[in-house]
Amino acid sequence: MLHVCSLSKLPETVAATGAKSVVTLINAEMHVPTPEGIVPEQHLNLSFNDIVDPVDGLVPASEQHIEQFLTFIQGWDRQAPLVIHCWAGISRSTAGAYVAACALNPEADEYQLAELLRTRSPSATPNARIVAMGDRLLGREGRMIDAIRGIGRGANAFEGTPFVMPID
C-alpha cells in the first residue's frame, strides 16, 4: 500500500506501517534523513518547491524529477508498504500518491482514482504541475489533469492527516 504523510509524521508512519521504501518530495534546503528501518537505496529524495509556475529563487518540479519518481515507483516490489511524504502532506505528496496510483494501475480510471484520493484525504490539494507531468509521461492524455481539477481544492489544513492510497 501507499501511505501518505507530512514530514512531522514520517517516523511514526514508517514505524506503524512497516514501510521499507520512502519518497521525500521537499524543498532543497530541507535535509530529511533516511528514516530508521529504511535502507538508503530505498529512500528517494527529490528536492523542489511546492509551486506550479516558476518563481525567482524557487525550484519547480521538473520532468526529470517526475521521471525519477516514476522509475522508483515502478521498481517498488510491493512486498512492504511505501510512504510518500512532503512538508505538510497536502500537495506534493498527494500528487505523488495520485501519480503513483495511476502508474501502478495503467488500466484504472483517472476520475475514480481522484475521487478515491479525495475520500481518503479531504485536505488533499495535489500539486497541478506534478499531476500534469505525470499525465504526460504516463500517456493519460489530460485525463489525470481533468480528474484532479474535478475534485477541486481540498479542505483548509495546516497539515494533512496521514492516509492510505490503495493501489489495487
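Our subject is the structure that appears above.
Residues numbered from 1 in each chain as written. Predicted model: local features only at pLDDT ≥ 70, side-chain atom pairs only at ≥ 80, totals over all residues. Heavy atoms only, no water.

**Q** Can you walk me through the overall build of the protein in this structure?
**A** Tallying secondary structure elements over the protein gives 6 helices and 5 strands in all. Going from N to C terminus, the protein has its helices and strands arranged as β-α-β-β-α-β-α-α-α-α-β. In summary, the protein has a C-alpha radius of gyration of 14 Å against a globular reference of 15 Å for 168 residues, a match within 12%. Viewed in the frame of its principal axes, the protein has a C-alpha envelope of about 40 × 40 × 30 Å. (Helix = DSSP H or I, 4+ residues; strand = E, 2+ residues; numbered from the N terminus. Rg over C-alpha atoms; globule rule 2.2 N^0.38 Å.)

**Q** Please clarify how the layout of surface pockets should be interpreted in this entry.
**A** In this approach the atoms are scanned with a rolling probe the size of a water molecule, which exposes any empty space left behind. If you add up the space inside the largest pocket, you get close to 150 Å³. Along the walls of the largest pocket sit Thr 125, Pro 126, Ala 128, Val 131, Ala 132, Ile 145, Ile 148, Arg 149, Gly 152 and Arg 153, which together make up its complete lining. Of all elements in the fold, only helix 5 (128-138) and helix 6 (143-151) reach the threshold of two or more residues within the lining of the largest pocket. Residue composition of the lining of the largest pocket, grouped by class: 6 nonpolar, 2 polar and 2 charged. (1 Å grid on protein atoms, 1.4 Å probe; cavity = no way out; pocket = protein on both sides within 12 Å on 5 of 7 lines; lining within 4 Å. Points joined across faces, edges and corners; volume = space filled by probe spheres on them. Nonpolar A, V, L, I, M, F, W, Y, C, P; charged D, E, K, R; others polar.)

**Q** I'm lost on unusual backbone geometry in this one. Help?
**A** Most peptide bonds are trans, and most residues other than glycine sit at a negative phi. Its identity is not glycine, yet Arg 78 carries a phi of approximately 65 degrees, on the positive side. If you trace the backbone, Arg 78 turns up in the loop between helix 2 (63-75) and strand 4 (82-86). Unusually for a residue other than glycine, Glu 141 sits at a positive phi of about 55 degrees. Within the element layout of this structure, Glu 141 appears in the loop between helix 5 and helix 6.

**Q** How should helix 6 be read in this particular structure?
**A** All of the buried residues along helix 6 are Met 144, Ala 147, Ile 148 and Ile 151. Buried positions in helix 6, seen along its axis, are confined to an arc of 95 degrees and lie on one side of it. Exposed side chains of helix 6 directed beyond 90 degrees from the buried face belong to Arg 149 and Gly 150. On its buried face, helix 6 is in contact with helix 3 (92-104), helix 4 (110-120) and helix 5. Positive phi shows up at Gly 152, right after helix 6, with a value of about 70 degrees. (Buried < 20%, exposed > 50% of the residue type's maximum accessible area, 1.4 Å probe, protein only. Arc of directions from axis to C-beta. Contact = heavy atoms within 4.5 Å.)

**Q** So what exactly am I meant to see when it comes to the nonpolar core here?
**A** Buried together is how nonpolar side chains tend to be arranged in soluble globular proteins. In terms of nonpolar packing, the biggest core is built from 40 residues, with Leu 2, Val 23, Phe 69, Leu 82, Ile 84, Tyr 98 and Leu 117 touching the most fellow members. In terms of residues, this core owes the most to one element, helix 3, which gives 9 residues. Filtering out sequence-adjacent residues up to four positions away, Leu 117 remains in contact with Thr 94, Tyr 98, Ala 124, Pro 126, Ile 148, Ile 151, Phe 163 and Met 165. The next biggest cluster of nonpolar side chains, apart from the first, holds 9 residues, and it includes Val 14, Ala 19, Val 22 and Val 32. (Core = buried A, V, L, I, M, F, W, Y, C linked by side-chain atoms within 4.5 Å.)

**Q** How do you make sense of the sheet that holds strand 4 when you look at a structure like this?
**A** Backbone hydrogen bonds are what pair the strands of a sheet, in a parallel or an antiparallel way. An order of 3-2-4-1-5 is seen for the 5 strands of this open sheet, with the pairing classed as mixed. Looking along the sheet, the strands with just one partner apiece sit at the ends: strand 3 (43-47) and strand 5 (163-165). Sheet twist, expressed as the average angle between the axes of neighbouring strands with direction ignored, equals 20 degrees. Bridging between strand 1 (residues 2-6) and strand 4 involves 5 bridges; their strand directions are parallel. (Pairing = 2+ DSSP bridges. Axes fitted to C-alpha atoms, helices over the stretch in contact; angles between N-to-C directions.)

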